[in-house]
Amino acid sequence: MTRPVFAVVGHPNKGKSSIVATLAGDESVAISALPGTTAAAREYPMVVDGETLYVLIDTPGFQRAREALEWMQAQSGSSVDRPDIVRRFVEQHRQDERFAAECRLLAPLLEGAGILYVVDGSRPFGDEYEAEMEILRWTGQPSLALINMIGSGDYRGEWQKALGQFFRIVRVFNAMNADFDKRVQLLLAFGQLREDWRPALERAVQALQAEQALRRSLAARLIAECLAAMIVHRRRQAVPDTAPGEPLREQLRAAYRRDLVSMENDCRRQVEQVYHYRHLQRQEALVEVLDADLFAAQTWRLFGLTRQQLVATGGLGGAAAGGVVDVAVGGHSLLLGTGIGALIGGISAWATADRVADIKLLGRPLGGQELSVGPMRNINFPYVVLGRALWHQRMVEDRTHASRAPLEIAAVPGALQVAGLQQRKSLEKIFAALRKQAALEPALLDRLSASIEGLMQAGDTAPP
Ligand SMILES: Nc1nc2c(ncn2[C@@H]2O[C@H](COP(=O)(O)OP(=O)(O)OP(=O)(O)O)[C@@H](O)[C@H]2O)c(=O)[nH]1
Ligand SMILES: [Mg+2]
């Protein structure tokens, strides 16, 4: 076997499949609180440019490790014979339902796979694991133990002592919360198991890093397109010759708002797909802020500039000059640059979130008239949309494919990078240009997309 193959093995319900899902970035891996969820071995290859760099195999948990070990111990032989004894065990019990799990999880090891033994470090060590570890040692395969922390207890110390006697490398790896760097570190540790596996795993790490960067660019592009489309969006409706009444205007405003909400929603779905989530549920009830209506006053306060913030710093001119207004864009300070006063045309532009776009009655070339709403005039709007989009992207990026819960937000948005004044000025220029445009100019989109990517990058180094 030339390419590295790893079988993820262990007791039932200790997070084997969760580790596979996280490393393979695959939401289709079956994970549940019921022991015995994984009944058959399944392979997850990491393929780059048509070449398989390494393979992970998810396996069922041990069911009768003690009995299996007793059978093996009853065979006569010395240490050199042990791998053969394990092989004989599997050959002789293939049809034996009692040892179905043992045969399925040992088979890949007999074909040369490395061992990734998973335990739950939040529960105490117990004798029942000794037989499992002993059988694994008998296979003679290179092995690494992973302490997964499922619950709140902490028995890492005793696990480390026990595992250290059987496995050369012991690592703590939290399947559910492992960030990108932890995943990379783990792959590099796999490379320590066998010298000739290392090059493939180093390439896998490089491919992973490249993929991460590409995903960010794609996400930034999607967000830029969506944001620009939302800023310039208009909705028109033909109206009777008699002057359109308020109900008709209100209908049109409502339709316009629905358009924007659905544009934002489409953008989120697309960003989720970039990160290989196709069936991600969002927790509407709990995600108070992110899923709050785009037009809710609370959303504007959280993600955009507020009138109070501007006024509190001694007027718009002062705010711009000093660059001291803090903007709660999910922790981003997406401040407007100088010239803010001119742009918003006075503080009246900071009316309620609802009064965001002009509504106009226009004559139609072929007679009759139409009502038109949009484009978005409120200069706070792009910051609200961008803040929400960056926050959502961050949560999706940080999520692991082992999480099965709906996408849910902690109470306080994590602090992301404070955008520099230059960055804010350049964003404001782009937004202002967009507001004036009838059609989206590709060069402007490129600039917006690059700025958004910059904000994502900056978010990495921001203090928590
Ligand atoms: N909080 C938390 N829960 C985890 C973690 N890893 C696994 N779990 C949970 O533990 C349970 C078992 O996870 P699985 O990945 O299905 O475990 P398994 O070892 O593959 O189980 P079997 O296939 O039944 O042998 C699931 O409810 C997971 O959500 C973790 O790192 N943190
Ligand atoms: Mg499983």
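Please read these numbers as outputs of a predicted model, since none were measured by experiment.

### Focus on the overall build of the protein
For step 1, the next point in the chain: On a plain count of helices and strands, the protein comes out with 16 helices and nine strands.
For step 2, the next point in the chain: Residues counted as buried form 38% of the 464 residues belonging to the protein.
For step 3, the next point in the chain: By sequence separation, contacts in the protein at least 24 residues apart represent 74% of the contacts at least 6 residues apart.

### Considerations on the site of ligand 1
For step 1, the next point in the chain: As a structural note, the neighbourhood of ligand 1 is formed by 22 residues, with Gly15, Ser17, Ser18, Thr38 and Gly61 the closest of them.
For step 2, the next point in the chain: The residue inventory of the shell around ligand 1, partitioned by class, reads nine nonpolar, eleven polar and two charged.

### Concerning the sheet that holds strand 2 (residues 42–48)
For step 1, the next point in the chain: The six strands are arranged 2-3-1-4-5-6 in an open sheet whose pairing can be described as mixed. Each edge of the open sheet carries a strand with a single partner, namely strand 2 and strand 6 (169–172). Looking at each pair of strands side by side, their axes are set apart by 20° on average, direction ignored.
For step 2, the next point in the chain: When strand 4 (residues 114–120) meets strand 5 (residues 143–148), the two strands line up parallel, connected through six bridges. Note on strand 5: the bridge partner recorded for leucine 116 is leucine 144.
For step 3, the next point in the chain: Helix 1 (residues 16–24) contacts strand 1 (5–10), strand 2, strand 3 (51–58), strand 4 and strand 5 of the sheet and is inclined by roughly 160° relative to strand 3.
For step 4, the next point in the chain: Contacts from helix 7 (residues 180–190) reach strand 1, strand 5 and strand 6, with the element oriented near 170° to strand 6.

### Topic: the pairing of strand 6
Regular strands show a simple pattern: their side chains alternate between the two faces of the sheet.
For step 1, the next point in the chain: Strand direction decides the pairing type here: strand 5 and strand 6, joined by four bridges, are parallel. Opposite alanine 145, over in strand 6, you have valine 170 as the bridge partner.
For step 2, the next point in the chain: Traced from strand 5 through helix 6 (residues 156–164) to strand 6, the parallel crossover comes out right-handed.

### Side note on the nonpolar core
For step 1, the next point in the chain: Judged by nonpolar contacts, the single largest core of 61 residues is most densely connected at Phe6, Ala7, Val8, Leu116, Tyr117, Ala145 and Leu146.
For step 2, the next point in the chain: Excluding anything up to four places from it in sequence, tyrosine 117 contacts Val9, Gly10, Met133, Leu136, Ser143, Ala145, Leu146 and Phe167.
For step 3, the next point in the chain: Listed in part, the 36 residues of the second largest apolar core include Ile223, Met376, Met395 and Leu427.

### Side note on helix 7
For step 1, the next point in the chain: For helix 7, every residue scored as buried is listed here: Leu186, Leu187 and Phe190. Taken around the axis of helix 7, the buried residues stretch over an arc of 100°, which confines them to a single face.

### Some details on the pairing of strand 3
For step 1, the next point in the chain: Taken together, the four bridges between strand 1 and strand 3 define a ladder with parallel strand orientation. By the bridge assignment, phenylalanine 6 is partnered in strand 3 with leucine 56.

### Considerations on the confidence of the model for the protein
For step 1, the next point in the chain: With 74% of its residues at a pLDDT of 70 or more, the protein shows a mean pLDDT of 78.
For step 2, the next point in the chain: In the model of the protein, helix 13 (residues 340–344) stands out as the element of lowest mean pLDDT, 30, in contrast to strand 1, which has the highest, 98.
For step 3, the next point in the chain: Note that pLDDT drops below 50 for residues 297–356; the model gives that stretch 111 contacts with residues more than four away or on any other chain.
For step 4, the next point in the chain: Within the model, pLDDT remains below 50 along residues 410–418, and this stretch shows 24 contacts once partners closer than five positions in the same chain are excluded.

### A closer look at the packing of helix 3 (residues 82–93) against helix 5 (residues 128–139)
For step 1, the next point in the chain: Following both chains from N to C, one finds helix 3 and helix 5 inclined at 110°, their axes separated by 7 Å at the closest point. Our classification of the angle between helix 3 and helix 5 gives roughly perpendicular. On helix 5, the residues touching Arg82, Pro83, Ile85 and Val86 of helix 3 are Ile135, Trp138 and Thr139.
For step 2, the next point in the chain: A class-by-class count of the residues in the contact of helix 3 with helix 5 yields five nonpolar, one polar and one charged.

### Comments concerning unusual backbone geometry
For step 1, the next point in the chain: For aspartate 49, which is not a glycine, the phi torsion comes out positive at approximately 50°.
For step 2, the next point in the chain: On the secondary structure map, aspartate 49 appears in the loop between strand 2 and strand 3.
For step 3, the next point in the chain: One non-glycine residue, histidine 276, lies in positive phi territory at about 60°.
For step 4, the next point in the chain: Position of histidine 276 relative to the elements: it lies in the loop between helix 9 (246–274) and helix 10 (297–303).
For step 5, the next point in the chain: The exposure class assigned to histidine 276 is partly exposed, which follows from the 15 C-beta atoms found within 10 Å.

Parameters at a glance
- Residues numbered from 1 in each chain as written.
- Chains lettered and ligands numbered in written order.
- Predicted model: local features only at pLDDT ≥ 70, side-chain atom pairs only at ≥ 80, totals over all residues.
- Helix = DSSP H or I, 4+ residues; strand = E, 2+ residues; numbered from the N terminus.
- Buried ≥ 20, exposed ≤ 12 C-beta atoms within 10 Å, placed from the backbone.
- Contact = placed C-beta atoms within 7 Å.
- Near = placed C-beta within 6 Å.
- Nonpolar A, V, L, I, M, F, W, Y, C, P; charged D, E, K, R; others polar.
- Pairing = 2+ DSSP bridges.
- Axes fitted to C-alpha atoms, helices over the stretch in contact; angles between N-to-C directions.
- Right-handed = clockwise from strand over helix to strand, strands pointing away.
- Core = buried A, V, L, I, M, F, W, Y, C linked by C-beta atoms within 7 Å.
- Arc of directions from axis to C-beta.
- pLDDT = per-residue confidence, 0-100.
- Parallel < 35°, antiparallel > 145°, perpendicular 65-115°, else oblique.

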